[in-house]
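Residues per chain are reported as follows:
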Amino acid sequence: NNIIAIPLDGSFDECQSFVKTAFLDKDLENLNLVSANSINIARLIPQTLYYCFTYAQIKDKYPDKDFCKSNLIFSVPCGNCGNLTGGLIARQLGIPIKFISSQNENNTFNKYLLNGIYKPKSSVKTLSNAMDVGNPSNVKRIDYLYNNDVKNLERIIFPSCSDDLRTLKTIK
C-alpha cells in the first residue's frame, strides 16, 4: 500500500534525473522516498557480496591454482555502472579481481577509461536497453573509490563495446 508506480516517457537518464530531483525536494521529505536502483548504496552492498562470495567459492574449489591470486576477470554489463561499482568495492576490500566493462553504443564510461575525459551524453535506444545510460551516476563513486585515477582503473577494467548488429549476430 505504500508503493506508487509512475510511468515516465523518456530515457533512463531523464528518469534518474527526475528521481534525484525528487530526493532533494524539501516538499517531498515526508514521503520517505527510496530508490531501488544503484543510486541507493543499499543496492551496491549485495552486489559487492556477490563478488566476494564467488571469489570464495572459486578459491575453495581450486585452492592450488595461481589464477585465484590476481587473474579472475568478471565481464560486467555496464549501464549505470552499479554492478561494476559493487565489484570495485569488493576489490577495494581485498578481493583480487579485474573486470571487462561491457557496454553498448551508450559507452560513456568506456570512453572515459580510454581517454580520461568523462563526457556524459544523451542515451540512444539499443537492443540491449538495460544499458541505455548516457550519464551513469556511479562513475562519481568509481572516481571516489580510485581517487580520480583513471590510469589505475585502466589496469583493472578492460572496456568492451557491442553495437546492435553484433548483439543480433550473437543472439543468432
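This text follows the structure it describes.
Bear in mind the structure is a predicted one, so any value in this text is a computation, not a measurement.

Asker: Which residues make up the overall build of the protein chain, and what are the values?
Answerer: Secondary structure summary: the protein chain contains eight helices and three strands in total. Mapped in sequence order, the helices and strands of the protein chain form the string α-α-α-β-α-β-α-α-α-β-α. Its C-alpha atoms put the protein chain at 55 × 40 × 35 Å along the principal axes. Counting every position in the protein chain, which comprises 172 residues, the buried fraction comes to 35%. Put simply, of all contacts in the protein chain between residues at least 6 apart along the chain, 66% involve residues at least 24 apart. Within the structure as shown, the protein chain displays about 11200 Å² of accessible surface, and the carbon and sulfur contribution to it stands at 56%.

Asker: Mind laying out the environment of proline 77, listing which residues take part and the relevant values?
Answerer: Looking at where proline 77 falls in the secondary structure, it is placed in strand β1 (residues 72-77). In this structure the C-alpha to C-alpha distance between proline 77 and cysteine 161, which are 84 residues apart in sequence, comes to 9.8 Å. When residues no more than four places from it in sequence are discounted, the contact partners of proline 77 are Ser102 and Met131.

Asker: Tell me about the nonpolar core, residues and numbers included.
Answerer: Counting residues in each nonpolar core, the largest one holds 24 residues, and the members touching the most others are Leu84, Leu88, Ile97, Phe99, Phe109 and Ile157. At the level of secondary structure, the elements contributing two or more residues to this core comprise α2 (41-61), β1, α4 (82-92), β2 (97-103), α5 (108-115), α6 (138-145) and α7 (150-154). If we skip the residues at most four places from it in the chain, leucine 88 touches Phe99, Ile142, Leu145, Tyr146, Ile156 and Ile157.

Asker: Now, about unusual backbone geometry: what can you tell me, with residues and values included?
Answerer: Even without glycine at this site, asparagine 147 takes up a positive phi of about 50°. Considering the arrangement of structural elements, one finds asparagine 147 in the loop between α6 and α7.

Asker: Give a detailed account of the pairing of β2, specifying residues and quantitative values.
Answerer: Counting buried residues in β2 gives five out of seven residues, a clear majority hidden from the surface. Looking at chain direction, β1 and β2 are connected through six bridges and run parallel. Paired with leucine 72 across the strands is isoleucine 97, a residue of β2. Between the parallel pair β1 and β2, the chain is carried across by α4, and the sense of this crossover is right-handed.

Asker: How would you explain the packing of α4 against α6 if you had to name every residue and give the values?
Answerer: A pair of packed helices is characterised by two quantities: the angle between their axes and the separation of those axes. Relative orientation of the contacting elements α4 and α6 amounts to 15°, with a least axis distance of 9 Å. If you check the angle between α4 and α6, you find them roughly parallel. Crossing of α4 against α6: the hand is left-handed. Touching Gly82, Leu84, Thr85, Leu88, Ile89 and Gln92 of α4 are Asn138, Arg141, Ile142 and Leu145, all from α6. Residue composition of the contact of α4 with α6, grouped by class: five nonpolar, four polar and one charged.

Asker: Could you give an account of helix α1 (residues 12-24), with specific residues and numbers?
Answerer: For α1, spanning 13 residues, the distance from its first C-alpha to its last is 19 Å, which sits close to the expected 18 Å at 1.5 Å a residue. Turning to α1, its buried residues number three or more, namely Asp13, Gln16 and Ala22.

Asker: Got a sec to walk through the sheet that holds β1? Specific residues and values, please.
Answerer: Within the open sheet, the three strands sit side by side as β1-β2-β3. Their pairing is parallel. The open sheet terminates on both sides in strands that have one partner only, identified here as β1 and β3 (157-161). Averaged over all pairs of adjacent strands, the angle between strand axes in this sheet comes to 25°, irrespective of strand direction. Across five bridges, the pairing between β2 and β3 is parallel. Each residue of the ladder has a partner; that of isoleucine 100, found in β3, is phenylalanine 158.

Conventions adopted
- Residues numbered from 1 in each chain as written.
- Predicted model: local features only at pLDDT ≥ 70, side-chain atom pairs only at ≥ 80, totals over all residues.
- Heavy atoms only, no water.
- Helix = DSSP H or I, 4+ residues; strand = E, 2+ residues; numbered from the N terminus.
- Buried < 20%, exposed > 50% of the residue type's maximum accessible area, 1.4 Å probe, protein only.
- Contact = heavy atoms within 4.5 Å.
- Areas by Shrake-Rupley, 256 points an atom, 1.4 Å probe, with all protein chains shown as cover.
- Core = buried A, V, L, I, M, F, W, Y, C linked by side-chain atoms within 4.5 Å.
- Pairing = 2+ DSSP bridges.
- Right-handed = clockwise from strand over helix to strand, strands pointing away.
- Axes fitted to C-alpha atoms, helices over the stretch in contact; angles between N-to-C directions.
- Parallel < 35°, antiparallel > 145°, perpendicular 65-115°, else oblique.
- Left-handed = near helix turned anticlockwise from the far one by under 90°.
- Nonpolar A, V, L, I, M, F, W, Y, C, P; charged D, E, K, R; others polar.
- Expected span 1.5 Å × (residues − 1).

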